[in-house]
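Close look at the chain arrangement
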Amino acid sequence: MWLALHTNLLTVALALLSAFTYVAIYTPLKRVTAIATFIGAFPCAMGPLLAGPPARGRIEWQGVALFAILFVWQFPHFMAIQWLYRDDYAQPASACCP
């Protein structure tokens, strides 16, 4: 509600899309398929796109460039974490989580 009162509809739409993608799509899928990493990269990279519209009223190339960098960064970042915890990832979900 605060976001809608103090910014614009584009910012609200991007924030809702990001939250919906994270909560309703990424979170359930991360226990089921590796494609969740790809889907989760969208809301994780959304920050720069959310910064432009309140200030300028539109999405600008700088925000898109930062979004792209953060989006691509999610994959090596996740792979490094996965490598560190590869033994945990090898276990079935029921073995590590109540």
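Since we're looking at a predicted model, the values are computed, not measured.

Moving on: the side chain of T21. Inspection of the secondary structure assignment puts T21 in helix α2 (residues 9-29). Relative accessible area serves as the criterion here: at 12%, T21 is assigned to the buried category. What T21 contacts, discounting residues up to four positions off in sequence, is Y26, I39 and P43.

The subject of this paragraph is the packing of aromatic side chains. On inspection of all chains with the given rule, the structure shows eight aromatic pairs. Where Y22 meets Y26, the ring centres are 5.2 Å apart and the plane angle is 40°; that geometry is what we call tilted. Highlighted residues: Y22 and Y26, both in helix α2, separated by four residues, approximately one helical turn. Look at Y22 and you get partly exposed, because its relative accessible area is 35%. Taking 5.5 Å as the distance between ring centres and 75° as the angle between the ring planes, the aromatic pair formed by F71 and F75 counts as edge-to-face. Here F71 pairs with F75, and both are found in helix α5 (residues 61-84), just four residues apart, close to one helical turn. By the ring-pair criterion, three or more aromatic residues cluster together here, those being F38, F42, F67, F71 and F75. The aromatic ring of W83 is capped on one face by R86, whose charged end is 4.0 Å from the ring centroid.

Time to look at a nonpolar patch on the surface. Together, I81, L84, Y85 and Y89 give the surface a local cluster of nonpolar side chains, amounting to about 430 Å² of exposed area. Topologically, I81 is positioned in helix α5.

Going through the model one piece at a time under the given rule, you end up with two salt bridges. Notably, a salt bridge pairs E60 with R56, separated by 3.7 Å at the nearest N-O pair. Given a relative accessible area of 23%, E60 falls into the partly exposed group. Close ionic contact of E60 with R58 constitutes a salt bridge, the shortest N to O distance being 2.9 Å.

Looking now at the environment of M46. With respect to the helices and strands, M46 occurs in the loop between α3 (35-44) and α4 (47-56). What makes M46 buried here is its relative accessible area of 7%. The spatial distance from the C-alpha of M46 to the C-alpha of L70 is 8.4 Å, given a sequence separation of 24 residues. Setting aside anything within four residues of it in sequence, one finds M46 in contact with L14, S18 and F67.

Criteria and cut-off values
Residues numbered from 1 in each chain as written. Predicted model: local features only at pLDDT ≥ 70, side-chain atom pairs only at ≥ 80, totals over all residues. Heavy atoms only, no water. Helix = DSSP H or I, 4+ residues; strand = E, 2+ residues; numbered from the N terminus. Buried < 20%, exposed > 50% of the residue type's maximum accessible area, 1.4 Å probe, protein only. Contact = heavy atoms within 4.5 Å. Phe/Tyr/Trp six-rings, centres within 6.5 Å; stacked < 30°, edge-to-face > 60°. Lys NZ or Arg CZ within 6 Å of the ring centre and 35° of its normal. Patch = residues over 30% accessible without salt bridge, like charges linked within 9 Å, V, L, I, M, F, W, Y side chains within 5 Å. Areas by Shrake-Rupley, 256 points an atom, 1.4 Å probe, with all protein chains shown as cover. Salt bridge = Lys/Arg side-chain N within 4 Å of Asp/Glu carboxyl O.

Any functional reading would require information beyond the geometric quantities listed.
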